Each structure stands twice: as structure tokens, then as C-alpha cells.
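Spelled out from the first residue to the last, the chains are:
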Amino acid sequence: MLQTWVPPVVALAYGGLLFGVAYLGDQRRSRLARIPWPFVYSLALGIYCTSWTFFGAVGRAVSDGWDYLSIYLGPILLFAVLYSIPRRIIAISKRQRITSIADFIASRYGKSHGLAALVSFVALVVVLPYIALQLRAVSRSYDMLTHGNVADVPPGITGDPALLLAIVLAVFTILFGTRQVDVTESHRGMVLAVALESAVKLLAFVAVGLFAIFGVFDGPGQLLQEMRSDDRIRELYSSATVGIPFLAHMMLAMLAIICLPRQFHVAVVENTGPKDLATARWAFPLYLGVFSLFVVPIAVAGMGIGGSDPDFYVLSVPLNSGQSGLALLAFLGGFSAATGMVIVATIACSTMLCNEVVIPVALRLRRGRLPEGEALGRLLIYIRRALVIIILLLAWICYRIIGA
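First, a word on scope: everything that follows refers to the structure included in this document. (Residues numbered from 1 in each chain as written. Predicted model: local features only at pLDDT ≥ 70, side-chain atom pairs only at ≥ 80, totals over all residues. Heavy atoms only, no water.)

## What to know about the overall build of the chain
Convention followed: Counting from the N terminus, the helices are the DSSP runs of H or I reaching at least four residues and the strands are the DSSP runs of E reaching at least two. Note on exposure labels: buried denotes an accessible area under 20% of the residue type's maximum, exposed denotes more than 50%, and partly exposed covers the range between, all computed with a 1.4 Å probe on protein chains only.
From N to C terminus, the chain includes 18 helices and zero strands. With 404 residues in all, the chain has 56% of them scored as buried.

So this is what it looks like as C-alpha cells:
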């Protein structure tokens, strides 16, 4: 068991590193030319792998067998086979200076402001429980690392890790994405930080997967032997678990990789040119493919020694094996998966609500008179910061309602 102060200190230090990366990325854009940006873009697309994917894919593999693969195959097929779809969406968006999924859908119907506002509200309603799940995942993983011994400093706040996380993420999101207004809504520094998060969560997941194969088992041979000798596992990973639900989930995942506000923002708004997508066509499927390879080994190891909750075998496998350092790395991977999603989703939703709801309403109330120049820029920043706080507060309330 780790000391209660270790995970939050490590998480805060890691968050500080991410902010430093994002800050340098924004302040020294000329130096970004030295970075192979198509690879950064491809890694940033890994924001698709939220804590639900990082932790929950193993849980899905334990309960539904091969069905977990559907959440990886959908995006892989879209980028590797149906490449023309994202390419066309990006081309249209760049030509029309699209800044969000709401803006894109409204542009297909004559720039309908009402439709854009409706899409913005729908996106908000959908994203709140999703953010709540990220809060739950980090809170639950912290409880597992410390066996429920929560460090309550300052009193009354860290007694609820999810509330503390929401507060910290509100600060980070404001610092990441609302320091300045860009007409393209592009945040190069944020993308750089998200790419780093994607690399960290992949490293953490692969590390736990390799431990499952070579630490819990004596290599792939013994792992396969265990799968063949256990009737439950053999039945679980038979062709019977691949059917209509599998195909439906795969189609939903294929749509999600473009239509979710955070995915649209990274894939479309942050795209800098054809080279980005050309690299992502093979690099992003490779990223997801590596992730998917280690799900079953962790699931099988967890069924043997893991714990009571399959959704958190990624943590319980190293914990129950006495590998606290590896468990801390897994916690950091889950933290990366959760915070990356929350930050980008909150930025995307606050941008949509500001551009498609708040500003149009303000224009009507003030009869088309709003500040101009720098004053308008400051107003937009204040509105987006307020929206960030409201969104995360509502997500925390949602987390409390659906149950910790």
C-alpha cells in the first residue's frame, strides 16, 4: 500500500509537467517546427482512450470476451480503411474555418444558429456523465492505491478526491485552453501536452500487460495454456462473443472517433495539414492495436489474482503482486487518460457554448452591440472560464448523483 500523500503529489507534479509542456508549446511556436508534428497529432488522437478504455476495456474483456475489441476496431477501420471520410471532413472544415462539431453540423444546414445551439446543448448533456466517469475512475483508483485511507489536507476537500480533481482540472483547463482567443480555436501547446499524456498511458498499460505475461505467467506460452485449460476463459474467448452487439459497438466507436466534441477538436480543428492525417492513417491504428494486444493478458491475470472489480484489474494485478511502483505507474496512466479527456472535452464544450449560445444571446440582448478588439477578446476569455467552471461543477454533481 502506498502512503496516502504519494499519488496526489505525483499527480500534481505530473500535471505541472503537462502545463509546462503546454506553456512552452504556446510560447515558442517557432520551435514546434523542429518537432515531427504529424506524430504529435497521431498521439493526441489517443485522447480517444479515456479512463473507461484504460480501465474498462479489461472489465469488458472479463465480462464479454472479444467484444472489447469493438471499441478499438471501429477507429482503426475508419483511419486505415475509410480514410477518405476524415480527410473530407477535415478539408471541408478548413475551407469553411469550422471551429467545433456544432459549427460543422450547422454549416451543413445553411449555418443554422439554432441547430448549432441545439448541438452544443446536446453535447453538454452527453459529456457531463462521461466526465463524471473520469472523476469516478481517478477517485476509485486512488482509493485502491491507499486502501481507502484518504489524506484529508486541506480538511473537507480531499475527503472527496473527485471534488479535488474537479477543482484542479478546472484550474488546469483554464490555464491550458482559455489564456488567449484564437480565431481558429487551435491550441498547439495543449495538443503537445495531450500527446505526452497519450504516450504515458500507453507506456503504463503496456508495462502492466508485460508484467501480466512475464510476471504473473512465465511468458505467452503459459498464458495460452491457462486460457485453454480454464473452461470459463475458453468459452469467454470463443467466436460466440462476436455477434450483432459487437458490430453495433464497432459502428458506434467508428462514429465516436470523429463526432465526439473532443475527438472532432483534436482530429479536425488541430489538424495542420495533409501530412498529419497521412501519418495518423497508420500511426493511430498502430497505437490502438498495441493497446488492444495487452487487454486479454491483464484480464486473464486478473481473473486469477486480480481482485473483485474487473474494471480495475489494471491496478489490482500489480497491487496484489506487491508491485506498488508499477501500480503507481498504472494510476498515472489512468490519471492521464481521465484528465486528457476532461480538459479537451471541457475546452471543446465551453468553446461551443460560448460561440453558439452565449454570444448570440448577448448580441440579441444588447441589440448587436458588444465590445470590440481586445475588450471583446477579454470578454470571450472570461465567458469561457466561467463555462469551464460550470461544466466541471455540473459534472461533479452528476458524479454525486449517479453514485461514487
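Next comes the rest of the write-up.
## Considerations on a nonpolar patch on the surface
Here is the rule we go by: Patch definition: residues above 30% relative accessible area lacking any salt bridge, with like charges linked at up to 9 Å and the nonpolar side chains Val, Leu, Ile, Met, Phe, Trp and Tyr linked at up to 5 Å. Reported accessibility uses the Shrake-Rupley method at a 1.4 Å probe radius. Residues are deemed covered only where the shown protein chains occlude them. Any Lys or Arg side-chain nitrogen located within 4 Å of an Asp or Glu carboxyl oxygen qualifies as a salt bridge.
Together, Trp52, Leu133, Ile390, Leu393, Leu394, Ile397, Ile401 and Ile402 make up an exposed nonpolar region whose accessible area comes to about 720 Å². A total of six residues in the nonpolar patch trace back to one element, the largest contributor, which is helix α18 (residues 374-402). In this fold, Leu394 is placed in helix α18. Note on Leu394: relative accessible area 34%, which makes it partly exposed.

## Overview of the nonpolar core
Burial of nonpolar side chains together is a common tendency in soluble globular proteins. The following threshold applies: Only buried Ala, Val, Leu, Ile, Met, Phe, Trp, Tyr and Cys residues count toward a nonpolar core, and they belong to the same one when joined by side-chain atoms within 4.5 Å. When checking whether two residues touch, look at their non-hydrogen atoms; a contact exists if any pair is within 4.5 Å.
With 137 residues, the main nonpolar core has Tyr72, Phe205, Tyr237, Val314 and Leu315 as its most contacted residues. Looking at this core, the element that brings in the most residues is helix α17 (residues 324-365), giving 21 residues. Leave out the neighbours within four places in its chain, and Leu315 touches Phe55, Ser141, Met144, Leu145, Ala327, Ala330 and Phe331.

## Overview of the side chain of Lys201
Put simply, the rule is: Counted as positive: Lys and Arg. Counted as negative: Asp and Glu, with His and the chain ends omitted from the count. Think of a polar contact as two N or O atoms within 3.5 Å of one another; within protein, one of them needs to be a possible hydrogen donor and the other a possible acceptor, and neighboring residues in sequence only count if both atoms come from side chains.
Here Lys201 lies in helix α9 (residues 188-216). Buried Lys201, no salt bridge; nearest opposite-charge side chain is Glu197, N-O distance 6.6 Å. For Lys201, the side chain forms a polar contact with the main-chain oxygen of Gly46, separated by 2.8 Å. Setting aside chain neighbours within four positions, we find Lys201 in contact with Gly46, Ile47, Cys49, Phe54, Tyr287, Phe291, Gly333, Ser336 and Ala337.

## Some thoughts on the pattern of salt bridges
The full count for this structure, using the stated rule, is five salt bridges. Between Asp64 and Arg60 there is a salt bridge, with its nearest N and O atoms 3.9 Å apart. In this pair, Asp64 and Arg60 both sit in helix α3 (residues 51-64), four residues apart, roughly one turn of the helix. Its relative accessible area of 34% is what places Asp64 among the partly exposed residues. Of the charged contacts in the structure, one is a salt bridge between Asp309 and Arg140, with a shortest N-O distance of 3.9 Å. Placement of Asp309 in the loop between α15 (295-306) and α16 (313-320) and of Arg140 in helix α7 (residues 113-146) is noted, with a sequence separation of 169 residues between them. According to the relative accessible area criterion, Arg140 is partly exposed, its value standing at 26%. The structure contains a network of salt bridges with shared partners spanning Arg60, Asp64 and Asp67.

## Some details on the packing of helix α1 (residues 6-27) against α9
Angle between the axes and distance between the axes: these two values describe a pair of packed helices. For clarity, the threshold we go by: Lines fitted to C-alpha atoms define the axes, with helix axes restricted to the stretch in contact, and inter-axis angles between N-to-C directions lie between 0 and 180 degrees. The labels follow the angle: roughly parallel below 35 degrees, roughly antiparallel above 145, roughly perpendicular from 65 to 115, and oblique for the rest. Two helices crossing with the near one rotated counterclockwise from the far one by less than a right angle form a left-handed crossing, whereas a clockwise rotation gives a right-handed crossing. Polarity classes work like this: nonpolar for Ala, Val, Leu, Ile, Met, Phe, Trp, Tyr, Cys and Pro, charged for Asp, Glu, Lys and Arg, and polar for all others, with Gly in that last group.
Contact geometry of α1 with α9 gives a least axis separation of 6 Å together with a crossing angle of 140 degrees. Between α1 and α9, the crossing angle belongs to the class labelled oblique. At the point where α1 passes α9, the crossing takes the right-handed sense. Along its contact with α1, which presents Tyr14, Leu17, Leu18, Val21, Ala22, Gly25 and Asp26, the element α9 presents Arg188, Gly189, Met190, Leu192, Ala193, Leu196, Glu197 and Val200. Among the residues making up the contact of α1 with α9, the classes are represented as 10 nonpolar, two polar and three charged.

## Some details on helix α13 (residues 261-269)
Summarising burial for α13: nine of the nine residues are buried, a large majority. Buried within α13 are the following residues: Pro261, Arg262, Gln263, Phe264, His265, Val266, Ala267, Val268 and Val269.

## Digging into the packing of aromatic side chains
Basically, it comes down to this: We call Phe, Tyr and Trp rings a pair once their centres come within 6.5 Å, taking the six-membered ring for Trp, and we label the pair stacked below 30 degrees between planes, edge-to-face above 60, and tilted otherwise. Two conditions define a charge located above a ring, namely a distance within 6 Å from the ring centre to NZ of Lys or CZ of Arg, and an angle within 35 degrees of the ring normal.
The tally for this structure, following the rule as stated, stands at 14 aromatic pairs. For the pair Phe39 and Trp282, a centre-to-centre distance of 6.0 Å together with 75 degrees between the ring planes defines the contact as edge-to-face. Of this pair, Phe39 sits in helix α2 (residues 37-44) while Trp282 sits in helix α14 (residues 274-293), and the two are 243 residues apart along the sequence. On the basis of relative accessible area, Phe39 is assigned to the partly exposed category, the value being 42%. With 5.5 Å between their ring centres and 65 degrees between their planes, Phe54 and Phe205 make a pair best called edge-to-face. Taken together, the positions of Phe54 in helix α3 and Phe205 in helix α9 put the pair 151 residues apart, joining distant regions of the chain. The pair formed by Phe54 and Phe205 is uniform in burial state, with each residue classed as buried. Positioned above the aromatic ring of Phe104 is the side chain of Arg108, whose terminal nitrogen or guanidinium carbon lies 5.6 Å from the ring centre.

## Brief notes about the packing of helix α5 (residues 84-95) against α13
At a minimum axis distance of 9 Å, the contact between α5 and α13 shows a crossing angle of 75 degrees. The angle between α5 and α13 falls in the class roughly perpendicular. For the pair α5 and α13, contact is made by Ile89, Ile90, Ser93 and Lys94 and by Phe264, Ala267, Val268 and Val269, respectively. Residues belonging to the contact of α5 with α13 are distributed by class as follows: six nonpolar, one polar and one charged.

## Digging into α7
Definition in use: The span one expects for a helix is its residue count, reduced by one, times 1.5 Å. Two axes enter the definition of the bend at a residue: one is fitted to the seven residues ending there, the other to the seven starting there, and the bend is the angle between them.
Spanning 34 residues, α7 covers 49 Å between terminal C-alpha atoms, matching the ideal 50 Å at 1.5 Å per step. The sharpest bend along α7 comes to roughly 25 degrees, located at Val127, with the proline Pro129 sitting one to four residues further on.

Without other data, these values stay purely geometric and don't point to any function.
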